[in-house]
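# Commentary on secondary and tertiary structure
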Amino acid sequence: MSSSQFSSLKLPEKQLQNLKDLGYQQMTPIQQQSLPLVMSGKDVIAKAKTGSGKTAAFGIGLLENIRVESFACQALVLCPTRELAGQVAKEIRKLARYRHNVKVLTLCGGMPIGPQIGSLAHGAHIVVGTPGRIQDHLRKGTLSLDKTRTVVLDEADRMLDMGFYDEMVDILELTPSDRQTLLFSATYPDKIQQISGDFQRDPVMVEVESVH
Ligand code: ADP
Ligand code: MG
């Protein structure tokens, strides 16, 4: 049985202190199962409900892999709605407090595209957004995923419900084939299995039955 202590992960002392400051005393079950895999570079399918701490279950791992010297988008998190993307970006920024120079950018529809293009011109290490708007930026050439090493499909089943299947596939196809792909979903319908089969390599499935 693995430890539920954050200190059991290979994290910098500054991040352990940051997690303490955030009041995170120990890992939630999904974090305990996912983080060692995420940090070792594995592809993961994680089944867990809302409120189980999924953002940190990938976010803490993502942050360790960011090289601040490169301003290319190194990690992309796709979310079904603007609200969820906003929450995920907020949580990642909290987790990133120990590394002030990591830039997290939110790219969602319903917002003017001009300021987003301006922000992208300055570079961002982690991009969190909704599939439609991410695709708009890819088409315009204002966002490139050539250097992206990790893609997270957060609430993948809800993205499907919202009709984002084609966008998810098109976006994944524009990322390097040796990327890490992390799929978080409360349910596991056929189309999620299809995306996993087409875009994940040797994924490990982790599942948490009930919220702690
Ligand atoms: P989910 O994506 O599974 O719905 P979130 O990542 O949004 O869950 O996390 C839900 C809440 O739990 C957030 O307010 C977050 O700050 C908090 N949280 C996450 N991990 C921990 C932890 N290990 N200890 C305490 N609180 C946590
Ligand atoms: Mg979430």
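Owing to the predicted nature of the structure, the values given are computational and were not obtained by experimental measurement. (Residues numbered from 1 in each chain as written. Chains lettered and ligands numbered in written order. Predicted model: local features only at pLDDT ≥ 70, side-chain atom pairs only at ≥ 80, totals over all residues.)

## Overview of the pairing of strand 4 (residues 126-129)
Quick reminder of the rule: Remark: C-beta atoms are placed from the backbone, and a residue is labelled buried if 20 or more other C-beta atoms sit within 10 Å of its own, exposed if 12 or fewer do, or partly exposed between those counts. Only DSSP runs of H or I reaching four residues or more are called helices, and only runs of E reaching two or more are called strands; each is numbered from the N terminus. Two strands are said to pair when DSSP picks up at least two bridges between them. Here the term right-handed applies to a crossover when the path leading from its first strand over the helix to its second strand runs clockwise, the strands being oriented away from the viewer.
Because side chains alternate across strand 4, one face comprises the buried residues I126 and V128, and the other comprises V127 and G129, equally buried. Where strand 2 (residues 75-78) and strand 4 come together, four bridges link them in parallel fashion. Each bridged residue has a counterpart across the sheet, and for L78 the counterpart in strand 4 is G129. For the segment spanning strand 3 (residues 104-107), helix 5 (residues 113-122) and strand 4, crossover handedness is right-handed.

## Considering the packing of helix 6 (residues 131-140) against helix 8 (residues 165-173)
For the record, the criterion: Axes here mean lines fitted to C-alpha atoms, for a helix over just the part in contact, with angles spanning 0 to 180 degrees between N-to-C directions. Throughout this description, any angle smaller than 35 degrees is read as roughly parallel, any larger than 145 degrees as roughly antiparallel, any in the 65 to 115 degree range as roughly perpendicular, and the remainder as oblique. A clockwise turn of the near helix away from the far one marks a right-handed crossing, whereas an anticlockwise turn of less than a right angle marks a left-handed crossing. A pair of residues counts as a contact when their C-beta atoms, built from backbone coordinates, are separated by no more than 7 Å. Each residue gets one of three labels, nonpolar for Ala, Val, Leu, Ile, Met, Phe, Trp, Tyr, Cys and Pro, charged for Asp, Glu, Lys and Arg, and polar for the others, Gly among them.
In the contact formed by helix 6 and helix 8, the axes pass within 9 Å of each other and the chain directions differ by 40°. By the angle between their directions, the pair helix 6 and helix 8 is classed as oblique. Between helix 6 and helix 8 lies a crossing whose hand is left-handed. Touching P131, G132, I134, Q135 and L138 of helix 6 are E167, M168, D170 and I171, all from helix 8. In terms of residue class, the contact of helix 6 with helix 8 is made up of five nonpolar, two polar and two charged.

## Brief notes about the site of ligand 1
Where we set the bar: A residue counts as near a molecule or strand when its C-beta atom, positioned from the backbone, falls within 6 Å of it.
If you check the shell around ligand 1, you find 14 residues, and the closest are Y24, T50, G53, K54 and T55. Elements supplying a minimum of two residues to the shell around ligand 1: helix 3 (54-65) and helix 4 (82-95). Ranked by residue count, the leading element in the shell around ligand 1 is helix 3, at three residues. Looking at the shell around ligand 1 residue by residue, the class counts come to four nonpolar, eight polar and two charged.

## Description of the nonpolar core
Operational definition: By definition, a nonpolar core groups buried Ala, Val, Leu, Ile, Met, Phe, Trp, Tyr and Cys residues that are joined through C-beta atoms within 7 Å.
L78, I126, V128 and L153 are the most contacted members of the largest nonpolar core, which totals 61 residues. In this view, V128 contacts V77, C79, A85, V88, A89, I92, V104 and T106; residues no more than four positions away in its chain are not counted.

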